[in-house]
Amino acid sequence: MLQRNRRSAALTLSTMALAGALSLTACGSDDNKTGTATANGSAPVVACGKGGTLLGAGSTAQGNAMDLWKTTYATSCSGTTVNYSGGGSGAGIQQFTQGKVAFAGTDYVLKPADVDASKAVCTGGKAIGLPMVGGLVSLVFNVDGVDNLVLDGPTAAKIFDSQITKWNDPAIAALNPGAKLPDADIQSVHRSDDSGTTFNLTSYFAKTSGGAWSAAPDKAWKGKGGQSANGSAGVSAQIKQVKNSIGYAELSYAQINNLKSARISTGAAQPVEATAANAAATFATSTVVGTDGDLALSLDYGTKADNAYPIVLVTYEVVCDKGNKAESLDTLKSFLAYTIGDASQKAIAEKGYVPLPAAIGDKVKTAVTTLA
């Protein structure tokens, strides 16, 4: 209950900050059909749509961003409610292909099987992924006597695969000279649900572990041993409560829970801190590699550039390019245009996310206008 109260308080403050930053005005009509959300009381940012309830589900990585956006959007566009239920990327895509939600959040690109399944609900069209929320995966830890921790790809992979089981293991000690590492068992925590965060972490392991991580990148956890928890919030709560533990969660959750994040030795001049600015350096090199309307991005998990954090992720909003439900299409386009707007992207930076590069954001803005 205490954690929930703290999170609610943080959300209230962030909502007030975004409302101030955007100077949002109420929509022009009570029924929300002709109003607009405006920035600084001047030109319209987005038309508010027809109102009603817009349903989404999926990625917990973007959960804190969605909490902020759906509140401020509904404040501006009275008569509209955005319900986003989380549940993990896999669950979100499943609900989308079953026609239960208007959009789904996923932290990994759509697979051909997902696109094929979507054709049953996207009449005359198919699912596409629109990058919306940039972020990073922190290796969060709670180790007695350790405030600063450095890990690299091989060592982190071995920890999460139970190949390294003690905190004072020579491999960890070599990366942390002078640190007082305890002679204690490592309590690793991973996601129990199908997770895009897991997919991105294991993509980093596949690229950098030198074979220590033998499984292919996957949304389902394939490592040996460890404890499991549901969602990024569940993993974060476990790390906070369990001594000598390590897990992985988005920076936003690390910040909310006051968790320490490991620095990553990448081959750069110095180990790289888990900060939004350092993740932005990695996103700056990303390009769109998706085809036929999909805007999937390339992510360089193996970057060795100075001040470039390697374990990044992007949450895509999965929508139909054509065949969206008529009753929710206008509101869907309105909400997505709002979230990719410059002010909305900047607002979530205060919660540990990374605003998408302008070149990518512009492509998303254009794609949103073409949804049908």
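Residues numbered from 1 in each chain as written. Predicted model: local features only at pLDDT ≥ 70, side-chain atom pairs only at ≥ 80, totals over all residues. Heavy atoms only, no water.

1. Focus on the pattern of salt bridges
Move 1: A full pass over the atoms with the stated rule returns 13 salt bridges.
Move 2: Note that Asp362 and Lys365 form a salt bridge whose closest N and O atoms lie 4.0 Å from each other. Taken together, the residues span about one helical turn, with Asp362 and Lys365 both in helix H13 (residues 358-369) at a distance of three residues.
Move 3: Judged by its relative accessible area of 43%, Asp362 falls in the partly exposed class. (Salt bridge = Lys/Arg side-chain N within 4 Å of Asp/Glu carboxyl O. Helix = DSSP H or I, 4+ residues; strand = E, 2+ residues; numbered from the N terminus. Buried < 20%, exposed > 50% of the residue type's maximum accessible area, 1.4 Å probe, protein only.)

2. Description of the state of the cysteines
Move 1: For the structure on display, the rule yields two disulfides.
Move 2: A sulfur-sulfur distance of 2.1 Å marks the disulfide that ties Cys48 to Cys77. Its S-S torsion of approximately -70° makes the covalent link between Cys48 and Cys77 left-handed. Here Cys48 is found in the loop between strand E2 (44-47) and strand E3 (52-58), whereas its partner Cys77 is found in the loop between helix H2 (63-76) and strand E4 (80-87), with 29 residues between them in sequence. There is no split in this pair, since Cys48 and Cys77 are both buried. (Disulfide = S-S within 2.5 Å.)

3. A word on the nonpolar core
Move 1: Of all hydrophobic cores here, the largest spans 78 residues; its most connected members are Trp69, Leu130, Leu139, Phe335 and Leu336.
Move 2: In terms of residue count, strand E6 (residues 127-142) provides more of this core than any other element does, eight residues in total.
Move 3: When residues no more than four places from it in sequence are discounted, the contact partners of Leu130 are Gly293, Leu295, Thr315, Tyr316, Glu317, Val319, Leu336, Val364, Ala367 and Val368.
Move 4: Core analysis: the next-biggest nonpolar cluster, separate from the first, contains 12 residues, Ala104, Tyr108, Cys122 and Cys320 among them. (Core = buried A, V, L, I, M, F, W, Y, C linked by side-chain atoms within 4.5 Å. Contact = heavy atoms within 4.5 Å.)

4. Let's talk about the environment of Gly124
Move 1: Mapped onto the elements, Gly124 comes out in the loop between helix H4 (112-118) and E6.
Move 2: Judged by its relative accessible area of 72%, Gly124 is exposed.

5. A look at H2
Move 1: With 14 residues, H2 extends 20 Å from end C-alpha to end C-alpha; this agrees with the ideal 20 Å at 1.5 Å per step.
Move 2: Counting buried residues along H2, 10 of its 14 residues qualify, which places the element largely inside the surrounding structure.
Move 3: Within H2, the full set of buried residues consists of Gly63, Asn64, Ala65, Met66, Asp67, Leu68, Trp69, Thr72, Tyr73 and Ser76. (Expected span 1.5 Å × (residues − 1).)

6. Side note on unusual backbone geometry
Negative phi values dominate among residues other than glycine, just as trans dominates among peptide bonds.
Move 1: In the Ramachandran plot, Asp292 falls in the positive-phi region, its phi being about 55° despite a non-glycine side chain.
Move 2: Turning to its location among the elements, Asp292 is positioned in the loop between helix H10 (276-283) and strand E13 (312-320).
Move 3: Look at Asn307: it is not a glycine, yet its phi comes out positive at around 60°.
Move 4: Inspection of the secondary structure assignment puts Asn307 in the loop between H10 and E13.

7. Quick word on the confidence of the model for the protein chain
Move 1: Taken over all residues, the pLDDT of the protein chain has a mean of 89, while the share at 70 or more is 88%.
Move 2: This model gives residues 1-34 a pLDDT under 50, and the stretch forms 64 contacts once residues within four places in sequence are excluded.
Move 3: Between residues 38-44, whose pLDDT stays under 50, and residues either more than four places distant or in other chains, the model counts 16 contacts. (pLDDT = per-residue confidence, 0-100.)

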